[in-house]
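One letter stands for each residue in the lines below.
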Amino acid sequence: MENRFAITIGNKEISFDLKDLASQANGSTLVQMGDTVMIVVSLMAQGKNDKNYFPLMVDYEEKFYAAGKILGSRFMRREGKPSDEAIITARLIDRTIRPLFPKNFQNETQVVATCLSWDTENDPDVLGILGASLSLALSNIPWQGPVGAVRVGRIENKFVINPTYSEREKSDLDLLVAGMKDGNNIVVNMIEASANEVKDEIFEQAIQEALPHMQALIEFQERIVASHGKQKIALETEEPQVDLIKAIGEVMGTKLQEALFGGTKLERAERERAVKDEVFSALEEAYPDPGARSFIATFLEEEAERLIHEAAIQEGKRVDGRALDEIRELVGEVAILPRTHGSGIFQRGETRALSILTLGAPGDYRIMEGMELNGKKRFMHHYNFPAYSVGEIKPMRGPGRREIGHGMLAEKALLPLIPSFEDFPYTIRIVTEILSSNGSTSMASVCASSLALMDAGVPIARPVVGISCGLMMSKEKEWKVLTDIQGPEDQHGDMDFKVAGTTEGITAVQLDVKVSGLTMDIMQEAIKRASKARHTILEKAILPVLSSPRSDLSVHAPRIITVHVPREKIGMVIGSGGKTINRIIEETGAAIDIEDDGTIFISAPQKDSAERAAETVRNLVREAKE
């Protein structure tokens, strides 16, 4: 039986090899494009878990050997914890496959994608999604795929499918889109994109460009599964507990509906908790079985979801009384903290984000060393989500996958507006602290970071802002798009469509869904709503606070002076064994960074310290002229 299958997408061949290398997994495949090779395996535990949720784990493993590198500490030459980039790839796969598992499937499941070979041209992330799709589709794990995924770039106004790394550097758009078949149509269920202020219509055209390639990949996998796929396990179907449902209804009445609408987030949560406690207490004696309690909890969640959906679709009503296209109250502030180099608070309803900016010397960059990325990173955005932001008590740990993902999304959104190193030779770090959360904190962090950038005097051309749109869709495919979703609309809704950009265009997009996928008309409506919302945010909360970056840096920010010396005289500045440069640093308190081309960056907290160091360097290399 044939084990290798290949298809050409754009001008690239993608092949799947069904060698049974991971023979004890439920499903596995090797997927290859160019010389980049992934192995993706899918595993399922036997029996339903005792938790009231679906425990899915998705891991992406970068291996240094894949790139022919020996990296890591000199004392431990092996891979450590996943890099931020690896976590983002794992999240891409997770967000694509998760919505397609049946709701009544709760066996512990894991998907592991490992990059075995990397050719420096083809990104493993697309292959990870495709490999996860086929390994799940071939396995006996219940899953409603397969899915197709492609990357779309745009070079000199022409779309490029699955561009190489070098082509992506020339592109003003980097769109990764995935989706599945819904009848004869292709619907989109995951988007991750960054862009250099592209227009809405160009972004929509890029999605349209991807659809036929996604369809070809899906149909290609379907043919493989038809000849090599395993029989899916049968799922247990629970008998409807008519008596218990009736008893719940008698106790609950319209109380849950009344609890879900009106008031603040905390007031609604307290009312909803009181209704649930009343139902549990009233039925505890008649239905003491733990299974009954689990059923009641699930039923109440599903009932809340039904009520919120019906109110939005049939009445145009939201939990806080807003119109479907209305944004919550907006507030922006700057210069919140006295000693930081820049700070900004952005508030949208009960969501509040505080962004703090720090300017560092050129040598404060982050060194990136991994399978794919090696180099220096001079702009960083980090996102923190403490438990107190949602009124909970939890141990304070390091950032999780969600925090890393949200931080990277905001970083992508802001990066196109960050000035070049030649124009602004600082290392820039922004940290966003979420102080209060009720929906779309990642987009709030983009807005707060724009304020912090302008407050610090970083010469950005325009502020970047973001908004999240949601969706309520009925079983009959009736739908309504919601602008600026909050907690319950995110939890019980069907879409989280985050769009960030400027007055000139889009800089980042992220889409997650809970339904099978979205049609183009839903996405076009969401993009249109997001564009209108971005302009509203700018007019009400950003530009009235600061219309442009401050002309001067904070008095607490380091001052950088640039000196150019001939390359052959770099040694004179460094001195034997570094004696000369160390003496200058010790005497002036300045930090000195020397580039290979003879550019010297001198930074110090006080301007006079930097100037004394710069003058000393100039005197060392000064030439006497007639």
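That block above? That's the structure.
Computed from a predicted model, the values in this text were never measured in an experiment.

K.L.:
Got a sec to walk through the side chain of Thr599? Specific residues and values, please.
P.N.:
Here Thr599 shows up in strand E24 (residues 599–604). What makes Thr599 buried here is its relative accessible area of 9%. At a separation of 3.3 Å, a polar atom in the side chain of Thr599 contacts the side chain of His564. Filtering out sequence-adjacent residues up to four positions away, Thr599 remains in contact with Thr562, Val563, His564, Asp593 and Ile594.

K.L.:
Break down the packing of aromatic side chains for me, with residues and values.
P.N.:
On inspection of all chains with the given rule, the structure shows 10 aromatic pairs. Positioned above the aromatic ring of Phe280 is the side chain of Arg293, whose terminal nitrogen or guanidinium carbon lies 4.1 Å from the ring centre. For the cation-ring pair, Lys317 lies above Phe261, with the distance from its terminal atom to the ring centre recorded as 4.6 Å.

K.L.:
With reference to specific residues and values, describe unusual backbone geometry.
P.N.:
In this model, Gly145 is joined to Pro146 through a cis peptide bond whose omega is 10°. Inspection of the secondary structure puts Pro146 in the loop between helix H2 (124–138) and strand E7 (148–155). The phi dihedral of Thr120 falls on the positive side, at around 70°, and the residue is not glycine. Positionally, Thr120 belongs in the loop between strand E6 (109–117) and H2. A relative accessible area of 49% means that Thr120 is categorised as partly exposed. At Glu156, a position not held by glycine, the phi torsion is positive, near 50°. Assignment of secondary structure puts Glu156 in the loop between E7 and strand E8 (158–161). In this structure Glu156 comes out as exposed when scored by relative accessible area, which is 73%.

K.L.:
Any chance you could break down the pattern of salt bridges for me, citing the residues and the numbers?
P.N.:
For the structure on display, the rule yields 39 salt bridges. Arg98 is paired through a salt bridge with Asp94; the nearest N and O atoms lie 2.8 Å apart. Owing to a relative accessible area of 34%, Arg98 belongs among the partly exposed residues under this scheme. When its relative accessible area of 14% is taken as the criterion, Asp94 is described as buried. Note that Asp123 and Arg151 form a salt bridge whose closest N and O atoms lie 4.0 Å from each other. You can see Asp123 sitting in the loop between E6 and H2 and its partner Arg151 sitting in strand E7, a full 28 residues away along the chain. An identical accessibility class is assigned to Asp123 and Arg151; each is buried.

K.L.:
Tell me about the packing of helix H1 (residues 84–97) against helix H9 (residues 401–414), and please be specific about residues and values.
P.N.:
One can describe the packing of H1 onto H9 by two numbers: an axis separation of 10 Å at closest approach and a directional angle of 100°. Taken together, the axes of H1 and H9 are roughly perpendicular relative to one another. Contact with H1, carried on its side by Asp84, Glu85, Ile87, Ile88, Ala90 and Arg91, involves Arg401, Arg402, Ile404, Gly405, His406 and Met408 of H9 and no other residues of that element. Grouping the constituent residues of the contact of H1 with H9 by class yields 5 nonpolar, 2 polar and 5 charged.

K.L.:
Describe in detail the nonpolar core, supporting the description with residues and values.
P.N.:
Formed by 138 residues in total, the largest nonpolar core has its most connected members in Ile14, Ile97, Leu175, Ile191, Phe203, Ile428 and Phe497. Once residues lying within four places of it in the same chain are set aside, the contact partners of Phe203 are Leu173, Leu175, Ile191, Ala193, Val198, Ile506, Val509 and Ile527. Within the second largest apolar cluster, 29 residues are counted, among which are Leu256, Ala259, Leu300 and Ile485.

K.L.:
I'd like a rundown of the sheet that holds strand E23 (residues 591–594), residues and numbers included.
P.N.:
Ordered by their spatial adjacency, 3 strands build an open sheet running E22-E24-E23, and the pairing between neighbours is antiparallel. Whereas interior strands pair on both sides, the edge strands pair on one side only; in this sheet they are strand E22 (559–564) and E23. When strand polarity is set aside, the average angle formed by the axes of neighbouring strands in this sheet is 20°. Relative to E24, E22 is paired through 6 bridges, and the arrangement is antiparallel. Paired with Ile560 across the strands is Ser603, a residue of E24.

K.L.:
Explain the environment of Arg98 to me, and be specific about the residues and the numbers.
P.N.:
Locating Arg98 in the fold gives a position in the loop between H1 and E6. As for Arg98 and Lys514, which are separated by 416 residues in sequence, their C-alpha atoms are 8.2 Å apart. If we ignore the near neighbours within four places in the chain, the residues touching Arg98 are Phe54 and Leu56.

K.L.:
Describe H2, naming the residues involved and giving the relevant values.
P.N.:
Here H2 contains 15 residues, and its C-alpha end-to-end distance of 21 Å stays within 8% of the 21 Å for a straight helix at 1.5 Å per residue. Most of H2 is tucked away, with 15 of its 15 residues classed as buried. The N-cap residue of H2 is Asp123: its side-chain oxygen and the backbone nitrogen of Asp125 are 3.0 Å apart.

K.L.:
Run through the pairing of strand E20 (residues 495–501), naming residues and quoting values.
P.N.:
Burial of E20 is extensive: 7 of the 7 residues sit out of reach of the surface. Along E20, one buried face is formed by Met495, Phe497, Val499 and Gly501 and the opposite face, lined by Asp496, Lys498 and Ala500, is buried too. In this structure, strand E18 (residues 465–473) lies alongside E20, joined through 6 bridges in antiparallel fashion. Bridging from a neighbouring strand, Ser468 pairs with Lys498 of E20. Two elements, E20 and strand E21 (residues 506–513), share 7 bridges in a ladder whose sense is antiparallel. Note that in E21 the partner of Val499 across the bridge is Val509. From the end of E20 to the start of E21, which pair antiparallel, there are 4 residues, and Gly505 there has a positive phi angle of about 160°.

Scoring rules and cut-offs
Residues numbered from 1 in each chain as written. Predicted model: local features only at pLDDT ≥ 70, side-chain atom pairs only at ≥ 80, totals over all residues. Heavy atoms only, no water. Helix = DSSP H or I, 4+ residues; strand = E, 2+ residues; numbered from the N terminus. Buried < 20%, exposed > 50% of the residue type's maximum accessible area, 1.4 Å probe, protein only. Polar contact = N/O pair within 3.5 Å; in protein donor to acceptor, adjacent residues only side chain to side chain. Contact = heavy atoms within 4.5 Å. Phe/Tyr/Trp six-rings, centres within 6.5 Å; stacked < 30°, edge-to-face > 60°. Lys NZ or Arg CZ within 6 Å of the ring centre and 35° of its normal. Salt bridge = Lys/Arg side-chain N within 4 Å of Asp/Glu carboxyl O. Axes fitted to C-alpha atoms, helices over the stretch in contact; angles between N-to-C directions. Parallel < 35°, antiparallel > 145°, perpendicular 65-115°, else oblique. Nonpolar A, V, L, I, M, F, W, Y, C, P; charged D, E, K, R; others polar. Core = buried A, V, L, I, M, F, W, Y, C linked by side-chain atoms within 4.5 Å. Pairing = 2+ DSSP bridges. Expected span 1.5 Å × (residues − 1).

Honestly, that's just the spatial picture; any functional story needs more than this.
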